[in-house]
Amino acid sequence: MSFFKRLKESVSKTTESVTNKFKSGLSKTSASLAGAMDAVFMRSHIDEEMYEELEDVLISADVGVNTTLEIVDRLRKEVKERRIKEPAELQPLMSEILADILKGEAAHSPSMNIQDGELTIVLMVGVNGVGKTTTIGKLAHYYKQQGKKVVLAAGDTFRAGAIEQLQVWGERVEVDVIRHQAGSDPAAVIYDGIQAAKARGADILLCDTAGRLQNKVNLMQELTKVHRVIQREIPGAPHETLLVLDATTGQNALQQAKIFNDATGLSGIVLTKMDGTAKGGIAIAIRRELATPVKWIGLGEQMDDLQPFITDQFVHALFANAIAQEEKVQ
Ligand SMILES: Nc1nc2c(ncn2[C@@H]2O[C@H](COP(=O)(O)OP(=O)(O)O)[C@@H](O)[C@H]2O)c(=O)[nH]1
Ligand SMILES: [Mg+2]
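Reading the values: rules and limits
- Residues numbered from 1 in each chain as written.
- Chains lettered and ligands numbered in written order.
- Predicted model: local features only at pLDDT ≥ 70, side-chain atom pairs only at ≥ 80, totals over all residues.
- Heavy atoms only, no water.
- Buried < 20%, exposed > 50% of the residue type's maximum accessible area, 1.4 Å probe, protein only.
- Helix = DSSP H or I, 4+ residues; strand = E, 2+ residues; numbered from the N terminus.
- Pairing = 2+ DSSP bridges.
- Axes fitted to C-alpha atoms, helices over the stretch in contact; angles between N-to-C directions.
- Contact = heavy atoms within 4.5 Å.
- Phe/Tyr/Trp six-rings, centres within 6.5 Å; stacked < 30°, edge-to-face > 60°.
- Patch = residues over 30% accessible without salt bridge, like charges linked within 9 Å, V, L, I, M, F, W, Y side chains within 5 Å.
- Areas by Shrake-Rupley, 256 points an atom, 1.4 Å probe, with all protein chains shown as cover.
- Salt bridge = Lys/Arg side-chain N within 4 Å of Asp/Glu carboxyl O.
- 1 Å grid on protein atoms, 1.4 Å probe; cavity = no way out; pocket = protein on both sides within 12 Å on 5 of 7 lines; lining within 4 Å.
- Points joined across faces, edges and corners; volume = space filled by probe spheres on them.
- Nonpolar A, V, L, I, M, F, W, Y, C, P; charged D, E, K, R; others polar.

Caption draft 1: The arrangement of the pairing of strand β4 (residues 204-207) in detail. Here β4 shows a buried face lined by Ile204 and Leu206 and a second buried face lined by Leu205 and Cys207. Two strands pair when backbone bridges link them, and strand β1 (residues 120-125) and β4 are joined in this way by four bridges, in the parallel orientation. Bridge pairing links valine 122 to leucine 206 in β4.

If you want it as C-alpha cells, here you go:
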C-alpha cells in the first residue's frame, strides 16, 4: 500500500473514531431527541399542532425557551419559503438550522489560545463537582499526546481530597503536580506552579481552583487574587479561563456562567457529563445565550473522554440515531 493511501486511511480512521466517540457519548440525548422528533416528523401533515409538539421536544431537551422559539420560527419561515409540505422533509432542515445557530464555534479543532514556544496558562473555574479536576486530567492527557510538556497546579486547597485527586491524575497521565498543604493560599500554589513550569520548560500549566458558589464574595476575591498573581508573573496570562459546567444541571448552568463571568473574564466553556444526560440541548442554549464559546465537551470519566466541541460533529451526533434509522429504511 502506498504511503499516501495509508496516510489517508489512518486520517479517516481517526476522524471516524472521533465521530464515534461523539455519537456514543451523546447517545442518551440523541436517542431521546430522535425518538421524539420522529414522532413529530411522522405526522401526516405540517400544522400548528406539529410546531407546538416540536417546541415541547426541544424545551424538554433543555434547548431553552428563547432558543427553541427561535429555531421553530426559522423552521416555519423555511417551510413557507421552500414550500415544504411533508413533515418527513423537516429533519434535514432542522440539522441545517441547528448547525447555523451554532456557527462561529470551532469547525475543526479546539480554538484554544496556545502560545507557541512560551508557557501557556489555563485557569479552570466552576462550582464544586462539575468536573474541573477531571477535565484538567483529560486536558493534560490531550496535550501530552500532542507532545507538549504539561504541569498541573493544585489550586483547590479548600475541598477535602482535592489535592490528592489532582495528584492521582498527575500520576495517571504522568505529568508533574505542584501542590501545597490543604487550607493554604491558592494564589501561592499557582505562583509556585508558574515558577516550576518555567523552570522545567513546560508548555502548558493547568491550574485547578476551588468553587464554592455559596460564598460568592469569597470566591470572587480568591479568583481575583489568583488572576492578579498570574498576570503579574506573565503579562497577558491566563491565556484561557475555562468555566466548567455540568450539563446535567440544565438551565442552572446558564446562571453559573453569568456569576463566574462577573468574577473573572471567561474565554471558554467546558460542558461535562454530556454522556449522563438526555438533555444535551443545553449546549445549544449556552451557545445562543452566552457570549462565551463552548470549547470542549466531557463524555465520560476516563482520560480520553474529552472532545473538542466541533459543531458539525455535534449536530450530526444529535441526529445520529434518526439518520441511522433513515438509512436502514432506504
Ligand atoms: N459521566 C461523567 N462524569 C464526569 C465527567 N466529568 C467529570 N465527571 C465526574 O464528576 C465527578 C466530579 O468531578 P471533579 O473533577 O471532582 O469535579 P470538581 O469538583 O469540579 O473538580 C467525578 O466523579 C468525575 O468522575 C464527564 O464528562 N462525564
Ligand atoms: Mg476539583
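Caption draft 2: Quick peek at the sheet that holds strand β8 (residues 306-308). Reading across the sheet, the eight strands line up as β3-β2-β4-β1-β5-β6-β7-β8 and stay open at both edges, with mixed pairing between neighbours. Single-partner strands in this sheet number two, and they are β3 (176-178) and β8. Adjacent strand axes in the sheet meet at a mean angle of 25°, parallel and antiparallel pairs treated alike. Sheet analysis places strand β2 (residues 150-153) next to β3, joined by three bridges and oriented parallel. Its bridge partner being in β3, valine 151 is matched across the sheet by aspartate 176. On top of the sheet, helix α9 (residues 216-233) reaches β1 and β5 (240-246); it is set at about 180° to β1, its chief contact.

Caption draft 3: Examining the packing of aromatic side chains more closely. Counting across every chain of the model gives four aromatic pairs. Plain terms: the ring middles of tyrosine 143 and tryptophan 296 are 6.4 Å apart, the flat faces sit at 80° to each other, and that makes the pair edge-to-face. One end of the pair, tyrosine 143, is in helix α6 (residues 132-145); the other, tryptophan 296, is in strand β7 (residues 294-298), and 153 residues separate them in sequence. Since its relative accessible area comes to 0%, tryptophan 296 is described here as buried. Arranged with centres 4.9 Å apart and planes meeting at 45°, the rings of phenylalanine 309 and phenylalanine 314 form a pair that is tilted.

Caption draft 4: Molecular detail of a nonpolar patch on the surface. On the surface, a nonpolar cluster with roughly 230 Å² of combined accessible area is contributed by Ile59, Val65 and Leu69. With respect to the helices and strands, isoleucine 59 occurs in helix α3 (residues 48-60). Judged by relative accessible area, which is 36%, isoleucine 59 ranks as partly exposed.

Caption draft 5: Structural detail: the layout of surface pockets. Within this model, the second largest pocket holds a volume of roughly 310 Å³. Listed by contribution, the elements that provide at least two residues to the lining of the second largest pocket are α6 and α7 (162-173). If you tally residues by element for the lining of the second largest pocket, the top one is α6, at five residues. Split into classes, the residues belonging to the lining of the second largest pocket amount to three nonpolar, eleven polar and eight charged.

Caption draft 6: Molecular detail of the pattern of salt bridges. Using the criterion set out here, one finds 17 salt bridges in the structure. Across the pair arginine 43 and glutamate 53 runs a salt bridge whose closest N-O atoms are separated by 2.4 Å. Here arginine 43, found in the loop between α2 (27-41) and α3, pairs with glutamate 53, found in helix α3; they are ten residues apart in sequence, far enough to count as distant. A relative accessible area of 28% means that glutamate 53 is categorised as partly exposed. Residue arginine 76 is joined to glutamate 48 by a salt bridge in which the shortest nitrogen-to-oxygen separation is 2.9 Å. On the criterion of sequence distance, the pair formed by arginine 76 in helix α4 (residues 65-81) and glutamate 48 in helix α3 is long-range, its members being 28 residues apart. According to the relative accessible area criterion, glutamate 48 is partly exposed, its value standing at 42%. Here the salt bridges do not stand alone but share partners, grouping Arg43, Asp47, Glu49 and Glu53 into one network.

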